[in-house]
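Structural overview
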Amino acid sequence: MKITDFEREAITQALLKSKAMRCLMLQIERVEVSDRTFSGVGFFSDLLVSDPKHELICPIKRKRFSCQFDLPELQHGGGAIVLVKDGYLSELEVYTYSENFPRDIENLKFIPVQK
């Protein structure tokens, strides 16, 4: 399934301070969501990068990147964790701090929290 604008922005914000950002950002143009599971207080998106010739592989074998965000629908905001596995974007975890997460992520606007 297609990645949402919210998911795309969560990944982008999580990668902003990474030395490998450029390499991983190229993958976003070819990433799809193979599965999305809602947990009540967030969701998990399994990511699949279409790269049959291995042109977009990143030297990072396993790493986590994270960021925080605000949403008008949430009193306390939330966070996002992006996992890279074997050189590719692998999973996005989005969570709140004990609040129910909106199920309609198609129309959510990601508002990054600046530290």
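Figured I'd write up the structure that's included with this text. (Residues numbered from 1 in each chain as written. Predicted model: local features only at pLDDT ≥ 70, side-chain atom pairs only at ≥ 80, totals over all residues. Heavy atoms only, no water.)

Okay, the packing of aromatic side chains next. By the definition in use, this model includes 9 aromatic pairs. Judged by centre distance (5.6 Å) and plane angle (45 degrees), the ring pair of Phe-38 and Phe-43 falls under tilted. Residue classification places Phe-38 among the partly exposed positions, given a relative accessible area of 24%. Taken together, Phe-6, Phe-38, Phe-43, Phe-69, Phe-101 and Phe-110 form an aromatic cluster joined through their ring pairs. Between Arg-103 and the ring centre of Phe-38, over which it is positioned, the NZ or CZ distance is 4.2 Å. (Phe/Tyr/Trp six-rings, centres within 6.5 Å; stacked < 30°, edge-to-face > 60°. Buried < 20%, exposed > 50% of the residue type's maximum accessible area, 1.4 Å probe, protein only. Lys NZ or Arg CZ within 6 Å of the ring centre and 35° of its normal.)

Our focus in this paragraph is the pairing of strand S1 (residues 31–38). In this sheet, strand S2 (residues 42–49) lies alongside S1 in antiparallel orientation, the contact comprising 7 bridges. Of the residues in S2, the one forming a bridge with Val-31 is Val-49. Counting the residues in the hairpin turn of S1 and S2 gives 3 residues, including Gly-40, whose phi is positive at 105 degrees. (Pairing = 2+ DSSP bridges. Helix = DSSP H or I, 4+ residues; strand = E, 2+ residues; numbered from the N terminus.)

The next thing to look at is the pattern of salt bridges. Applying the stated rule across the entire model yields 3 salt bridges. Note that Glu-7 and Arg-36 form a salt bridge whose closest N and O atoms lie 2.9 Å from each other. With a gap of 29 residues between them, Glu-7 in helix H1 (residues 5–15) and Arg-36 in strand S1 connect regions that are remote in the sequence. Per residue, the accessibility class of Glu-7 equals that of Arg-36, and both read buried. Here Glu-55 makes a salt bridge to Arg-30, at a shortest N to O gap of 3.9 Å. Residue Glu-55 is located in the loop between S2 and strand S3 (62–70), and its partner Arg-30 is located in the loop between helix H2 (21–28) and S1; the two are separated by 25 residues in the primary sequence. (Salt bridge = Lys/Arg side-chain N within 4 Å of Asp/Glu carboxyl O.)

The topology assignment puts Tyr-95 in strand S5 (residues 88–96). Note: C-alpha distance between Tyr-95 and Val-41 (54 residues apart in sequence) is 5.7 Å. Once residues within four sequence positions are removed from consideration, Tyr-95 is found in contact with Val-41, Gly-42, Phe-69, Gly-78, Gly-79, Ala-80 and Ile-81. (Contact = heavy atoms within 4.5 Å.)

With that out of the way, let us pick up the pairing of S3. One ladder, built from 8 bridges, connects S3 with strand S4 (residues 78–85); its direction is antiparallel. Counted as the bridge partner of Phe-69 is Gly-78 from S4. In the sheet, S3 pairs with strand S6 (residues 111–112) via 2 bridges, with the strands oriented antiparallel. Bridged to Phe-69 within S6 is Pro-112.

The next point concerns the packing of H1 against H2. Between H1 and H2, whose axes approach to 10 Å, the crossing angle comes to 170 degrees. As judged from the angle between their axes, H1 and H2 are roughly antiparallel. Between H1 and H2, the residues in contact are Arg-8, Ile-11, Thr-12 and Leu-15 and Met-21, Leu-24, Met-25 and Ile-28, respectively. For the contact of H1 with H2, a count of residues per class yields 6 nonpolar, 1 polar and 1 charged. (Axes fitted to C-alpha atoms, helices over the stretch in contact; angles between N-to-C directions. Parallel < 35°, antiparallel > 145°, perpendicular 65-115°, else oblique. Nonpolar A, V, L, I, M, F, W, Y, C, P; charged D, E, K, R; others polar.)

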